[in-house]
Amino acid sequence: MINKNLANLTLVVFICFFFVSSRIGLAMAGNKTIPVNVGVVLDDLDSMEGKAWLSCIEMALSDFYASHSHYKTRLVLNVRDSNENVVGAAAAALDLIKNAEVQAILGPVTSMEANFVINLGDQAHVPIISFSATSPSLTSLRSSYFFRFTQNDSTQVKAISAIVEGFGWRQVVLVYIDNDFGEGVMSYLTDALQEVDALVPYRSAISPSATDSQILEELYKLMAMQTRVFIVHMTSDLSSRLFTKAKEIGMMNEGYAWLTTNEIPNSLKSMKSSVIHSMRGLLGVQTYVPITSELDEFNKRWKQQFQKENPAIIDADYEVFGLWAYDATVALAMAVETVGISNSGFKNSNASFKSTDLDTLKVSQYGPKLAKALSSTRFNGIAGDVRLIDGQLQSSTFKIVNIIGDVARGIGFWTLQNGIKKRLGQRQSSANCSTFNCNLGSIIWPGDSFSVPKGWEIPTNGKKLRIGVPMKGGFTEFVKVTKDPSTNRTNIVGFSIDVFKAAVEMLPFALPYELIPFAKPDGTSAGTYNDLVYQVFLEKFDAVVGDTTIRANRSLYVDFSMPYTESGIVMVVPTVDNRSKNAWAFLKPLTWDLWLTISCFLVFIGFVVWVLEHRINDDFRGPPLHQIGTSIWFSFSTMVFAQREKVVSNLARFVMIIWVFVMLILTQSYTASLASLLTVQQLHPIVTDIKDLLRNGDTVGYAENAYTYDVLREVGFDDSKLKEFKSTEDLDALLSKGSANGGIAAAIDETPNMKLFLGKYCSKYTMIGPIFKTDGFAFVFPKRSPLIPDISHAVLSVTEGEKILDFESKWFMKDSNCEDLSAPKVSSYSLGLESFWGLFLVSGVASIIALMIFVASFTYRHRHILVHPDTRVSTWGRIQVMFKIFNEKDLESHTFKSSSSHDSVKASPNNFPDSPFSYTTKQTDRNLVFYGERQTPSTGQASPDVNFEELSFAMPEA
């Protein structure tokens, strides 16, 4: 019985075990994942950087599959060590492809290692995913299987050039590591600097294996140069040694400016504190990673995990490359799941290789699909938005940092859209901000200085500037070179020399120099001004100081400071005194059109006054000739306000008020102009246009060794019509002779020279022009000389102050008999109609309005004559009646009411005039009636029996 029960119990246990086992098997079969081999090639897995990067990759897989447990694929890492060399990286990649048959490779670390590995991946159709190879040279490989989840170094050159431009530095020296990583970005950086007018006079390439003594040798070479702005692009280990040595020899002191690409700021966490202290004051461009809650959480988890796995490493940290490694791993896991890889998928290659190792290289069947999936990857990564274009991570924001102490303090940002701003999203600076510094936070420069380095210095062991000055035979007020025969010492003085010395004194630094005459051994000039300027291009002179004109052809090979004199080429010609000494001089103050206008208006105003006054003023009545004479006399007498006739109508008075004011202005202007014409010296040039000289075949003069000779030749003057003058005295003699007597008719030269000449001979000559445009005299320096901004600023300070006036008085007016060289020597012109047309317009309009009012009033009073219904009277007859009425006195006017001779009008007993047809003025009803219209005493109605065929008008006595 017991055995039977035991057997039953065993059967039940077996059935339960079978049921549970089947369920577990089915569950396991349903949750089965597909492992996918991927390779990881890192440098020195025993170092903290290597362990940190691998830890980020492993954490990325852990986090990804924890949130995507339903995915069928699982990445299996096959880690290899490149041993920090190209051969090791290539061997590791080859092993991963051939033996592990990996579908993709994360790494290698450096750009040099990636260069060969990319070719292997391209051949085997295995995507190479880099999170730290930044060299732009990798892009030129144009591999469809290379994906860069890190910033291309070329993307930061615009940010660096913007900093250089903002601080106004004109020369920078590039210091870089001598390998593919360093060389790859140099061309991009040089082009970006050229776009902001910054010259790269020297490139310092330092070998990765350079010794400390070799680094010191290169630094001393840089120290002997004028340029004090250095842009560093090299790996963290080499840059650590560089800045340590630069600190030792004093190249991290005040006056120096060090900029660095993002390689150094990104790697600060892995550097020793002593190295970071040697970089104090350095400005750098750092990769910008947005601070998010996900990133904060990752930092905490990563440090806990890394400390647990590596308890011997204290205060471990990762660089930004670790974040990119994390995002690259997530992107690869997403792409593998998208493709749906189920097996190794490798097949033999059809290509044949001579290498015994490469002839068995297989090709991945999933490679093209995996590459396509990686290209379209889009997600929000832990380091920011992950978006690939042509296999390259897109990023356009950089953080600008200032290294102080052990940290890199952020002072601003650079974006492709807005340039440099203090804060992201800032569109424009404050209204009170006018300098580049407003776009950045406070900066501590090397040597704990708060002053922006000017970017260059005269080396303490450098030579003085060799400054060439011209040898001049004339116009020595600008530059005068003399030699003391007893001491054999050269003395150089002049206006240009004084301006240069004053500008140098205003510089915020010492500028040692020596002035060297451009002369032959015998003391004569060694060439023209073009020859002298060209010596700067040939580096025989460091600068030229003198009366050197800014010219377009010269600016091709030298640069100029700001000009310190007036600009332009002018013409100096003799003058003649045109004070009028003829009998008709009194007509010259006014132009002929103004005289004609005045005459016409005098007649017009006389006519207007006669019309307005004729019926009511005895002064404007009488025989026709008497009335014409009176009107003209009245109008012309207003010129001297001597009119005897009175005006009694308001309209006439209105017209005369305005006309008298017009005549007051005209007579006063005429008097002033005539007085000036007859008493003031009037100097007029004998010629005012250079084309007149050409047409007349006159001879013109030009200064010795001056470029104006070429200008005159271009205008069209023949050599036979050109004469050279060497001094002001020589020029005076040539102009005095004149072109017909072997001299010249005019002199063509720079404005400053001609003003100097006129300072001595202002009574004989005058200046015309400028006839050609130039930019004035300036100092000459080599192309892109760092001295130019400071010298130009100093020159502006001199020319805007009182010093320039003192220099002009000292050199240009000491022998001058002229009170004011800038005062015009040419007389004023005659007064023309354009100065008074407004007065005539007002007077004319007022007169016409007065006439219109009078005519309207007169017509209205006698309208019954014009509108009489009798058709037998012609229109012309009616108009004649109106004119005859106008010719009569207006007895109703207040001027005639007091006269007894006009108390009544003689009439016949039946109240008709004596003539057969006449008109009368009835004082009672102010109506004029035709003779043929009979009036009845009671009604005043016209009688209809009138003989209009015999209509005639009797002219009453005036």
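Before any of the text, the structure's been laid out above.
These numbers were taken from a predicted model, which means no experiment stands behind them. (Residues numbered from 1 in each chain as written. Predicted model: local features only at pLDDT ≥ 70, side-chain atom pairs only at ≥ 80, totals over all residues. Heavy atoms only, no water.)

Describing the overall build of the protein chain
What counts here: Secondary structure follows DSSP: runs of H or I at least 4 residues long count as helices, runs of E at least 2 residues long count as strands, and numbering of each begins at the N terminus. When accessible area is computed with a 1.4 Å probe and restricted to protein chains, residues below 20% of their type maximum are described as buried, those above 50% as exposed, and intermediate ones as partly exposed. For this analysis, residues touch if any pair of their heavy atoms sits within 4.5 Å. Methods summary: accessible areas were calculated by the Shrake-Rupley approach with a probe of 1.4 Å, and residue burial reflects only the protein chains presented.
Tallying secondary structure elements over the protein chain gives 27 helices and 33 strands in all. Taken across its 958 residues, the protein chain has 48% of its residues classed as buried. A separation threshold of at least 6 residues defines the contact pool for the protein chain, and within that pool the share at least 24 residues apart is 70%. Split by element, the accessible area of the protein chain, about 47700 Å² in all, is 55% carbon and sulfur.

Section: helix H4 (residues 111–124)
Note the cut-off: Between the first and last residue of a helix there are one fewer steps than residues, each counted as 1.5 Å, and that sum is the expected span.
Its 14 residues give H4 an end-to-end C-alpha distance of 20 Å, which sits within 8% of 20 Å, the value for a rise of 1.5 Å per residue. Three or more residues of H4 are buried, namely Ser-111, Glu-113, Ala-114, Val-117, Ile-118, Leu-120, Gly-121 and Ala-124. The elements touched by buried residues of H4 are helix H3 (86–98), strand S4 (128–130), strand S5 (146–148), helix H6 (180–195) and strand S12 (362–364). In the segment just after H4, His-125 is the residue with positive phi, at about 60 degrees.

A short note on helix H17 (residues 624–637)
In this model H17 runs 20 Å from its N-terminal to its C-terminal C-alpha over 14 residues, within 8% of the 20 Å that 1.5 Å per residue would give. Buried within H17 are the following residues: Gln-627, Thr-630, Ser-631, Phe-634, Ser-635 and Ser-637.

Re the sheet that holds strand S17 (residues 407–415)
Put simply, the test is: A pair of strands is considered paired only if DSSP assigns at least 2 bridges between the two. A fitted line through C-alpha atoms serves as each axis, taken over the contacting stretch for helices, and the angle formed by two N-to-C directions is quoted from 0 to 180°.
Spatially, S7-S6-S8-S9-S10-S16-S17-S18 is the arrangement adopted by the 8 strands of the open sheet, whose pairing is mixed. Of all strands in the sheet, those with a lone pairing partner are strand S7 (199–206) and strand S18 (419–421), marking the two edges. Geometrically, the sheet is characterised by an average inter-axis angle of 30 degrees between neighbouring strands, direction not taken into account.

Quick word on the side chain of Ser-47
Applicable threshold: Side-chain atoms alone can form a polar contact between residues adjacent in sequence; in general such a contact is a pair of N or O atoms within 3.5 Å, and within protein one must be able to donate a hydrogen while the other accepts it.
Mapped onto the secondary structure, Ser-47 falls in the loop between strand S1 (34–42) and helix H2 (48–67). Owing to a relative accessible area of 16%, Ser-47 belongs among the buried residues under this scheme. At a separation of 2.7 Å, a polar atom in the side chain of Ser-47 contacts the main-chain carbonyl oxygen of Asp-44.

Structural notes on the pattern of salt bridges
Where we set the bar: By salt bridge we mean one thing: a side-chain nitrogen of Lys or Arg within 4 Å of a carboxyl oxygen of Asp or Glu.
Evaluation of the coordinates by the stated rule reveals 20 salt bridges. Among the ionic pairs, Lys-472 bridges to Asp-547, the shortest N-O distance being 2.7 Å. Here Lys-472 is found in the loop between strand S19 (465–470) and strand S20 (480–484), whereas its partner Asp-547 is found in strand S23 (residues 543–549), with 75 residues between them in sequence. In this structure, Lys-764 engages Asp-732 in a salt bridge whose closest nitrogen and oxygen atoms are separated by 3.0 Å.

Some words on the nonpolar core
Here is the rule: Grouping buried Ala, Val, Leu, Ile, Met, Phe, Trp, Tyr and Cys residues that are joined through side-chain atoms within 4.5 Å yields what is termed a nonpolar core.
Membership of the largest hydrophobic core comes to 58 residues, with the highest contact counts inside it found for Leu-75, Ile-129, Phe-298, Trp-302 and Leu-332. Sorting elements by how many residues they give to this core places helix H12 (residues 320–339) first, with 14 residues. The residues touching Leu-332, leaving out its near neighbours within four places in the chain, are Val-38, Leu-75, Ala-104, Leu-106, Ile-129, Leu-370 and Leu-374. Counting 51 residues, the second largest nonpolar core, distinct from the first, contains Ile-467, Ile-492, Ile-497 and Val-545.

Considerations on empty space enclosed by the protein
The condition is simple: Cavity means a closed set of points on a 1 Å grid over the protein atoms alone, one where a 1.4 Å probe fits but cannot get out, pocket means an open set with protein on both sides within 12 Å along at least 5 of 7 lines, and lining means a residue has an atom within 4 Å of a point. Grid points are joined across faces, edges and corners, and a volume is the space filled by probe spheres set on the points. Only Asp, Glu, Lys and Arg are considered charged, only Ala, Val, Leu, Ile, Met, Phe, Trp, Tyr, Cys and Pro nonpolar, and every remaining residue, Gly among them, polar.
Counted by the stated rule, this structure contains 5 cavities of 30 Å³ or more. Its boundaries defined by the atoms lining it, the largest cavity holds a volume of some 280 Å³. Taken together, 26 residues form the lining of the largest cavity, with Lys-472, Tyr-529, Asp-547, Glu-704 and Asn-705 sitting closest to its centre. Broken down by secondary-structure element, the contributors of at least two residues to the lining of the largest cavity are helix H15 (529–537), S23 and strand S29 (746–750). Among the elements that make up the lining of the largest cavity, the one with the highest residue count is S23 (3 residues). Its residues assigned to classes, the lining of the largest cavity comprises 10 nonpolar, 9 polar and 7 charged.

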